[in-house]
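So you can see what is in the structure, the chains are spelled out below.
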Amino acid sequence: MPGRPTIYDVALEAGVAASTVSRAYSKPGRVHADTAQRIFAAAERLGYRAAPAHARPPAERQKAIGLVVADVTNPFYGDIIKGAYEAAREAGYQLILTHTNESPEVERETIEHELAQVDGIVIASSRMSDSSLRMVAKQKAVVLLNRMIPEASCVLNDNDRGIRLAAEHLAALGHDRILYLGGPQASWSDGVRWRALREAAADLGLEARRVGPNEPNVLAGLSAARRVAHLEATAVMAYNDQLAIGIVKGLRKLDVRVPEEVSVVGFDDITYAELIEPQLTTVASPLYRMGFTGVQNCIAVARGAVPKGPPLVLPMRLVVRQSTSQRSRNSISPARGTTRPSKPATSIVSGSR
C-alpha cells in the first residue's frame, strides 16, 4: 500500500517547489492566488491534508482562537469581544485579540502571523477581499462575522430587516427624503445596508441619497454635518452609531435642531446611544450573541465539523428614542432662515456605492 502523500508529492504534482507548497498552507497572501489554487487542487487530487494546528502535541501551546477586529477602539466591538471571550473560556480555549486599524493589508499580515498560533480564527467585519478570505479558509477553521463567503461559516446581522424597520419608522413620521451617511469603502456591511435602504425606499415611495464613504467614527460624523445640513433630506440614517452621534453634535453646532428639523437614526445600539442628547434612535444588533456564536462555531469547525447550510442570520430590532420625530409641515431649509414646504413622496432613488 503506498504511503500517505507528502508535501513533496504535492509540489511535484503542482509543478512548484516544496517551499512554495509550505508557504501556501502557512502564509496565505504570500503566494499568488493562481499558484495557490493549483497547489490546493493538486493536494486534493492526491488526498494530501496538512496537519491541523489542533492536532499538534498539547505541550506545544494552549488551545487558542484568534479574534480579529477592524478597530479595537470602536465601541461596536466591545460586546462582540465579551461574547467571544465567554465562549472561548467555557470551551477551555484562550482568546487572542488583534485589531487591524481598518486596513486590509494589516488584516492579512495579522492573520498570517496568527495561523501557526491558533486553532481557528474569527474575523469580525473583515476588510480583506473575498479571494484572500477563501485562501485563509482553506488552511484554518474560519468564521466570519458581518461578512459572507460560501467557503466559510458566517454569522450575520439581519441588515435588510433592520434597515427596513428604520425606513418604515421614518416614513411613518412623514419623512420622504432619507440621506444615508455611508461607512468605510471596504465595508461589506455598508454595501448591504445601502442596497437595503434603496430597496426599502423604492417600496415606500421615498428618495434615498448617499454621502460617503466615511470613517466609522464620531469625528467623521462631525465633519459630514455641514454637508448634511445643505442637502434636502429631513432624515439621516447613518452606517453606525458613532457617525450618527457625530452628525447630531455637528448639526447642533450649526444650529440645526435634532429632531425638530432633521431626524437621525444610527445603527448598532452601542452604549453611547443612550448617553447623548437627544438620545439616539438606532437599529440594535445582538453583538454579544454574535461574538459568542462566532467562537462556538469556530471551535466546532476546528474540531472537524463541516459548515453546512446558509449563514446564521441574527435578528435586529429598532430602538426608538428622541433623535427622531414627526416631520413638521414647514421644515427649516439647510439655507438658514428660509423654509421649504413639504413635498409629496417620490419613488426616485439616487446615489452611488
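Coordinates for the structure precede this section.
The sections below set out a description of the structure shown in this document. Here the residue numbering is sequential within each chain, running from 1 through the sequence in written order. Local features in this predicted model are restricted to residues whose pLDDT is 70 or higher, and side-chain atom pairs enter the listing and the counts only when it is 80 or higher, whereas totals over whole chains, interfaces and linings include all residues. Note that water and hydrogens are dropped before the side-chain values are worked out from all heavy atoms of the structure.

Put simply, DSSP marks the helices as runs of H or I at least four residues long and the strands as runs of E at least two long, and each gets a number from the N terminus on. The secondary structure content of the protein chain amounts to 11 helices and 14 strands. Contacts: residue pairs with any heavy atoms within 4.5 Å of one another. Long-range pairs, those at least 24 residues apart, make up 72% of the contacts in the protein chain between residues at least 6 apart in sequence. Computed with the Shrake-Rupley method and a 1.4 Å probe, the accessible areas treat only the protein chains shown as cover for residues. Just so you have it, the protein chain exposes about 16,000 Å², and 51% of that area is on carbon and sulfur atoms.

Another point: empty space enclosed by the protein. Residues are called lining when one of their atoms sits within 4 Å of a cavity or pocket point, these points coming from a 1 Å grid over the protein atoms alone, where a cavity is a set in which a 1.4 Å probe fits but cannot get out and a pocket is an open set with protein on both sides within 12 Å along at least five of seven lines. Grid points are joined across faces, edges and corners, and a volume is the space filled by probe spheres set on the points. Tallying each qualifying case throughout the model produces two cavities of 30 Å³ or more. The space that makes up the largest cavity amounts to roughly 120 Å³. Residues are grouped as follows: nonpolar covers Ala, Val, Leu, Ile, Met, Phe, Trp, Tyr, Cys and Pro; charged covers Asp, Glu, Lys and Arg; every other residue, Gly included, is treated as polar. Class assignment for the residues of the lining of the largest cavity results in four nonpolar, six polar and four charged.

Further remarks concern the packing of helix α1 (residues 7–14) against helix α2 (residues 18–26). Pairs of packed helices are described in terms of their axes, by the angle between the two and the distance that separates them. The geometry of α1 relative to α2 is characterised by a closest axis approach of 8 Å and an angle of 105° between their N-to-C directions. As the angle between them shows, α1 and α2 are arranged roughly perpendicular. On α2, the residues that touch Ile7, Tyr8, Val10 and Ala11 of α1 are Ala18, Val21 and Ser22. Of the residues contributing to the contact of α1 with α2, the split by class is six nonpolar, one polar and no charged. Between N-to-C directions, angles span 0 to 180 degrees; the directions come from axes that are lines fitted to C-alpha atoms, helices contributing only their stretch in contact. What sets the label is the angle itself: under 35 degrees gives roughly parallel, over 145 gives roughly antiparallel, 65 to 115 gives roughly perpendicular, and the rest give oblique.

The working definition used for a salt bridge is a side-chain nitrogen of Lys or Arg within 4 Å of a carboxyl oxygen of Asp or Glu. What the rule picks out here adds up to 16 salt bridges. Salt-bridge contacts for Arg210 lead to Asp190; the nearest nitrogen and oxygen are separated by 2.4 Å. Of this pair, Arg210 sits in strand β7 (residues 207–211) while Asp190 sits in helix α8 (residues 188–204), and the two are 20 residues apart along the sequence. Residue Asp190 is classed as buried on the basis of its relative accessible area, which comes to 0%. For the salt bridge of Asp269 with Arg321, the shortest nitrogen-to-oxygen distance reads 2.9 Å. In this pair, Asp269 sits in the loop between β9 (263–268) and β10 (281–284) while Arg321 sits in the loop between β12 (317–319) and β13 (330–332), placing the two residues 52 residues apart along the sequence. When a residue's accessible area, from a 1.4 Å probe over protein chains only, is under 20% of the maximum for its type it is buried; when over 50% it is exposed; and in between it is partly exposed. According to the relative accessible area criterion, Asp269 is partly exposed, its value standing at 22%.

Okay, the packing of aromatic side chains next. Two rings from Phe, Tyr or Trp (for Trp, the six-membered ring) form a pair when their centres sit within 6.5 Å of each other. Planes less than 30 degrees apart are called stacked, planes more than 60 degrees apart edge-to-face, and all others tilted. Under the counting rule described, the total for this entry stands at three aromatic pairs. Aromatic side chains Tyr288 and Phe292 sit 6.3 Å apart centroid to centroid with 20° between the ring planes, which places their arrangement in the stacked category. Pair noted here: Tyr288 and Phe292 are both in helix α11 (residues 287–302), with a separation of four residues, about one helical turn. Classification of Tyr288 as partly exposed rests on a relative accessible area of 39%.

This part covers the environment of Ile121. One can find Ile121 in strand β3 (residues 120–124). Through-space distance from the C-alpha of Ile121 to that of Ile299 is 9.0 Å; in sequence the pair is 178 residues apart. Those residues in contact with Ile121 that sit more than four places away from it in its chain are Gly66, Val68, Ile111, Glu114, Leu115, Lys140, Ala141, Val142, Val143 and Cys298.

A separate point is the layout of surface pockets. A volume near 270 Å³ is recorded for the second largest pocket. Along its surface, the second largest pocket is lined by 17 residues, and Asp79, Asp268, Asp269, Ser285 and Leu287 are the ones closest to its centre. Contributing elements (two or more residues each) for the lining of the second largest pocket: α4 (76–91) and α11. Of all the elements, α4 adds the most residues to the lining of the second largest pocket, at three residues. Classifying every residue of the lining of the second largest pocket by side-chain character gives nine nonpolar, three polar and five charged.

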